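Chain by chain, the residues:
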Amino acid sequence: MAVLVDKNTYVVVQGITGREGSFHTKAMLDYGTKVVAGVTPGKGGQSVHGIPVYDSIYEAVSKHQEINTSIIFVPSSYAPDAVYEAIDAGIDIIVLITEHIPVHDSMKFIRYAKLRGVCIIGPNCPGIISPGESKVGIMPGHVFSKGTIGIVSRSGTLTYEVAYAITKMRLGQSTAVGIGGDPITGMSMIDMLELFREDDETKAVVLIGEIGGDMEERAAEYIRRSGYEKPVVAFVAGRTAPPGKRMGHAGAIISMGTGDAESKVRVFEASGVKVASTPTEVAKLLKEILKG
Amino acid sequence: MKLYEYEAKQLFSLYNISVPEFELARTPEEAREITQKLGGKSVLKAQVLVAGRGKLGGIKFAESPQEAYELAKKLLGMEIKGEKVNSLLVSEVVNIERELYLSIVIDRSVGAISILASSEGGIDIEELAARSPEKLIKVYVDPLIGLKPYHIRRITEFMNLSDEQKKALQDITLNLYRVFVDFDCELAEINPLAVDKEGKLVPVDAKVIIDDNALFRRKEFAERVYVELNELEIEAKKHGFSYVELDGDIGIIGNGAGLTMATMDLVKLYGGRPANFLDIGGGARADVVEKAASLLLKHPKVKVLLVNILGGITRCDEVAKGLVNALTNYGKDKKLVVRLIGTNEEEGKKILSNAGISAFDSMEDAAKNAVELAKVVRVWPC
């Protein structure tokens, strides 16, 4: 088992004819992901790496009724339209890779998705991978290996760094999810903790947070209050980040006195979550916890 | 992107929020002239983007046009928290009886818009929230539904105002919400929202922050974004990477925001001081890497450059090529420490070793090495 994506995941790629869309369609196919259709308005009838392209997601879904997941590579000004289209076409899980979407837009389509019971991962995220089963994202597949650790992260390459350390420790991952680096994301750390709780394969969870907002604090509170049964290890990036400066991600900013790394670390520790001081230490802590 | 007070007030005026009469002065002569027009008295407010200018002498009251001239002479050109004052908002003086607070923000925690109001304004709102949260009301607005009369009623009823003032606050709230939505704001704030001696509601200060990602549909501000940045930040933005200046001596380059931040943190953890944050993003080619590395190698503060790359869509050979080129041009007296793994790692390492550079596999080891080298370089008499 895994969460969100597995062998039964059938993917439509929105924006498949673009440079990124096409490149990652190939990479996903190589990994073994069941990509069955692509969509680019106006490019229906073409094919990309052998995958048929349709003008609309409705057409794709009616021709390939097994589709349950979409991955979006559409540029930021068109991405909201692509998301609404996917929600209305009945897609269950939407992975939104696109960066730089205005927050007023993402705030709206995320609320709409919630009302319709659709799960959005992102925006501004690397996607989801359940090693050995399916990769719906842009991560390098080889740093991941099948195993028992669930990863939730607000970051991209830092997720690969931690996953690689876990792989080298021979623990592997059940599912790794990059929930995105924007101020407002579809899935939160708490949403992911809930999914991992129900997943038998997952023995421990890693939370990779960073400065900005209070998602880590809320996750810590949730872990403490719900008596979360599985061990959780955290890493928080940005201990040296100055206040008021955006550190690459739209969401990575200490503003109005909240969102600094030290307070996130403190709240995690107060909730019984072990916090690693380096990415490699995450894997070491997991090894110790799972041995004992 | 932060707007200057005068830009925010212009927006407010456009949306029928009446602000005290003002004009912008760029010279002492203009300040004198405007003060004359305003009837002989004025308040001069330094137009800067940093907060807290009042306490740092950035706001002055003039009793006569000549005094306005003298004050403007001192204010123009002064620095507030490192920001130079290039213009003054010269405005009529408001006789303040009472101060209120009103703001609209994107609330990250709930993923909605929230309106904050208080019958105590003019002060630091975070401080008030911590000290007496009962004096603050927060009303969430679902962006799919928008601002409704009941939202506004909750705010006006909370504030202890006359019926006429309630009506005025209702209009201001509605219009501020329109500004907030139309201009993709992260924040629209009136602090203080004054009640003057005649009982009228007057926005004395105005603060607006626009979402950088929405500037493509707000072209009138798109070019202005560079004003907030220093030279290096501008150059970085033009090349498509994120750059933040810090105060240490170890330059940091990484691919991905989280990884780059984690690299900075490691440098600090091992006793070093990061000079900057520079994220080259995903899939950077040799020329972009060269630009990034050159920028830091040229930087007088940077003694050691630490590059941490975990290649996914970024290819190690492209990174290596860019680094070698930058080093040939600008690396005479600087040390370079590289951590390079991932896509095309072997080719990348080969390019580096041909140029006499060995790369680390672990980011922890690379960071430790950079810190050691910075110590050595620091004591070198040059």
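Residues numbered from 1 in each chain as written. Chains lettered and ligands numbered in written order. Predicted model: local features only at pLDDT ≥ 70, side-chain atom pairs only at ≥ 80, totals over all residues. Heavy atoms only, no water.

## A short note on the side chain of Ser56 of chain A
Heads up, the condition is: Secondary structure elements are defined from DSSP: runs of H or I of at least 4 residues count as helices, runs of E of at least 2 residues count as strands, and each element is numbered from the N terminus. To sort residues, take the accessible area from a 1.4 Å probe on protein chains only and compare it with the maximum for the residue type: under 20% means buried, over 50% means exposed, and anything in between is partly exposed.
Locating Ser56 of chain A in the fold gives a position in the loop between strand S4 (51-54) and helix H2 (57-63). We classify Ser56 of chain A as buried; its relative accessible area is 19%.

## A look at the interface of chain B and chain A
What counts is decided by this rule: The contact definition used throughout considers only heavy atoms, calling two residues in contact when any of these lie within 4.5 Å. Simply put, the buried area is the total loss of 1.4 Å probe accessible area from both parts when two parts are fitted together. Criterion for a salt bridge: a side-chain nitrogen of Lys or Arg within 4 Å of a carboxyl oxygen of Asp or Glu. Nonpolar residues are Ala, Val, Leu, Ile, Met, Phe, Trp, Tyr, Cys and Pro. Charged residues are Asp, Glu, Lys and Arg, and all others, Gly as well, are polar.
Contacts between the two partners involve 53 residues from chain B and, on the opposite side, 54 residues from chain A. Roughly 4,000 Å² is buried in total at the junction of chain B and chain A, and carbon and sulfur atoms are behind 62% of that figure. For chain B, the biggest contributors to the area lost against chain A are Arg108, Asn213 and Met261 of chain B; these three give 17% of the whole. Its salt-bridge partner being Arg246 of chain A, residue Glu186 of chain B comes within 3.5 Å of it at the nearest N-O pair. Top contributing element to the side of chain B that touches chain A by residue count: helix H9 (residues 257-269) of chain B, with 10 residues. Taken together, the residues of the side of chain B that touches chain A break down into 29 nonpolar, 10 polar and 14 charged.

## Side note on the environment of Asp279 of chain B
Residues and elements named next belong to chain B. What counts is decided by this rule: Any N or O atom pair separated by 3.5 Å or less is treated as a polar contact, with the protein-specific requirement of one donor-capable and one acceptor-capable atom, and with residues adjacent in sequence counted only for side-chain atom pairs.
Within the fold, Asp279 resides in strand S15 (residues 276-279). Spatially, the C-alpha atoms of Asp279 and Glu134 are 42 Å apart, while their sequence positions differ by 145 residues. Not counting residues within four places of it along the chain, the set of residues in contact with Asp279 comprises Phe241, Ser242, Gly254, Asn255, Gly256, Ala257 and Thr260. One polar contact links the side chain of Asp279 to the main-chain amide nitrogen of Gly256, over a distance of 2.7 Å. Of note is the side chain of Asp279, whose polar atom sits 2.7 Å from the backbone nitrogen of Gly281.

## Examining helix H5 (residues 149-158) of chain B
Residue and element names in this part refer to chain B. To be explicit about the condition: The arc in question is traced by the directions running from the helix axis to the C-beta atoms.
Listed as buried for H5 are His151, Ile152, Ile155 and Thr156. One side of H5 holds all its buried residues, which, seen down the axis, span an arc of 125 degrees. Exposed side of H5, more than 90 degrees from the buried face: Pro149 and Glu157 are the residues found there. Tucked inside the fold, the buried residues of H5 contact strand S8 (112-118), strand S9 (136-141) and helix H6 (163-182). Following H5 by one or two positions, Asn160 has its phi on the positive side, about 60 degrees.

## What to know about the sheet that holds strand S3 (residues 59-62) of chain B
To summarise the sheet geometry, strands pair through backbone hydrogen bonds and adopt either a parallel or an antiparallel arrangement. Residues and elements named next belong to chain B. Here is the rule we go by: In this scheme, strands are said to pair when DSSP sees at least two bridges between them. Interaxial angles span 0 to 180 degrees and are taken between N-to-C directions of axes, which are lines fitted to C-alpha atoms, for helices over the stretch in contact.
Read across the sheet, four strands follow the order S1-S6-S2-S3 without closing on themselves; strand pairing throughout is antiparallel. Here the strands that pair on one side only, and so sit at the sheet edges, are strand S1 (22-25) and S3. Within the sheet, the average angular offset between the axes of one strand and its neighbour, ignoring direction, is 25 degrees. Bridge count between S1 and strand S6 (residues 88-91): four bridges; the pairing is antiparallel. Bridging from a neighbouring strand, Leu24 pairs with Leu89 of S6. Its contacts with the sheet put helix H2 (residues 28-37) on S1, strand S2 (42-46) and S6, and the angle it makes with S1 is roughly 165 degrees.

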